[in-house]
Amino acid sequence: TLATLSAARGVSTDALGNVYIADYGGNKVYEVKNADGLTYLVAGTGTAGSTTNGALATSTNLNQPRGVWADSVGNIYIASTTANQIEVVDPTGYIHNFAGTGTAGYNGDNRTALSATINNPQGVATDVNLNVYIADSSNGRIRVVCVTCGTGSPLDLLLAKLGVASAVNGNI
């Protein structure tokens, strides 16, 4: 089916050629499947509000999503801008809080992603090792949630080149 977009702000593709659209004004995320060219609702009811952790993604609210990214294992990450959180829709269609407390701010790094405050996230992406990068806009930072970190990992080597201490898996 065709979707009417209110204010599309983010778009990305996956390895299969599917297109993901973050509809900021419509408080929804859509997928246009390469296989059939049809548009499917991924997340959101169309009402701005808090996401219900663990709910079916199409049955819960989003709050002005700006960024969307699909990783290589079927997770879809959403930068829920006004909620100051990153949400993830798992391959079974359920949504989970991934990063951010829901309160705008910055309380430092080297803490679990769910206990970190972020402020106005504008984008989200993953690398080939499934580490998650967040454009933490109002804090003027790119934040990384380590999923596969550790001594000698590609992210660890990059952080060392930047003079940043290696993070612990699950931390921002």
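Everything here concerns the structure above.
What comes next is a walk through the structure. All values reported here derive from a predicted model rather than from experimental measurement.

Looking at the pattern of salt bridges
Applying the stated rule across the entire model yields three salt bridges. The partner of Lys33 in a salt bridge is Glu31, and the shortest N-O contact between them spans 3.7 Å. Looking at Glu31, the relative accessible area reads 10%, which means it is buried. Here Asp136 and Arg143 are joined by a salt bridge, their closest N and O atoms 2.7 Å apart. Bridged by salt links that share partners, the residues Asp109, Asp136 and Arg143 form one connected network.

Details of a nonpolar patch on the surface
Side chains of Leu158, Leu162 and Val164 sit close together on the surface and give an oily, nonpolar patch of about 280 Å² of accessible area. Turning to its location among the elements, Leu158 is positioned in helix α1 (residues 154–161).

Comments concerning α1
Along α1, the residues classified as buried are Leu155, Asp156 and Leu159. On an axial view of α1, the arc spanned by its buried residues comes to 100 degrees, and they lie on one face. Residues of α1 that are exposed and angled more than 90 degrees away from the buried face: Pro154, Ala160 and Lys161. Lining the buried residues of α1 we find β10 (132–136) and β11 (141–145).

A word on the side chain of Asn84
Tracing the sequence through the fold places Asn84 in the loop between β6 (76–80) and β7 (85–89). A polar atom in the side chain of Asn84 sits 3.3 Å from the backbone oxygen of Thr82. Not counting the four nearest positions on each side in its chain, Asn84 is found in contact with Ala99, Gly100, Thr101, Gly102, Thr103, Ala104, Ile118, Asn119, Asn120 and Pro121.

Overview of the sheet that holds strand β4 (residues 39–43)
One open sheet holds the four strands; their spatial order is β1-β2-β3-β4, and the pairing between them is antiparallel. The open sheet is flanked by β1 (8–13) and β4, the only strands paired with a single partner. Ignoring which end each strand starts from, the neighbouring axes of this sheet average 25 degrees apart.

Focus on unusual backbone geometry
You will see that Asn27, though not glycine, has its phi angle at about 55 degrees, which is positive. Along the chain, the position of Asn27 falls in the loop between β2 (19–23) and β3 (28–32).

A look at the sheet that holds β7
Spatially, four strands are ordered β5-β6-β7-β8 in an open sheet, and the strand pairing comes out antiparallel. Edge positions in the open sheet fall to β5 (65–70) and β8 (95–99), since each of these has one partner strand only. Pairs of neighbouring strands in the sheet enclose a mean axial angle of 25 degrees, with direction left out of account. Judged from the five bridges that link them, β6 and β7 form a sheet pairing that is antiparallel.

Reading the values: the criteria
- Residues numbered from 1 in each chain as written.
- Predicted model: local features only at pLDDT ≥ 70, side-chain atom pairs only at ≥ 80, totals over all residues.
- Heavy atoms only, no water.
- Salt bridge = Lys/Arg side-chain N within 4 Å of Asp/Glu carboxyl O.
- Buried < 20%, exposed > 50% of the residue type's maximum accessible area, 1.4 Å probe, protein only.
- Patch = residues over 30% accessible without salt bridge, like charges linked within 9 Å, V, L, I, M, F, W, Y side chains within 5 Å.
- Areas by Shrake-Rupley, 256 points an atom, 1.4 Å probe, with all protein chains shown as cover.
- Helix = DSSP H or I, 4+ residues; strand = E, 2+ residues; numbered from the N terminus.
- Arc of directions from axis to C-beta.
- Contact = heavy atoms within 4.5 Å.
- Polar contact = N/O pair within 3.5 Å; in protein donor to acceptor, adjacent residues only side chain to side chain.
- Pairing = 2+ DSSP bridges.
- Axes fitted to C-alpha atoms, helices over the stretch in contact; angles between N-to-C directions.

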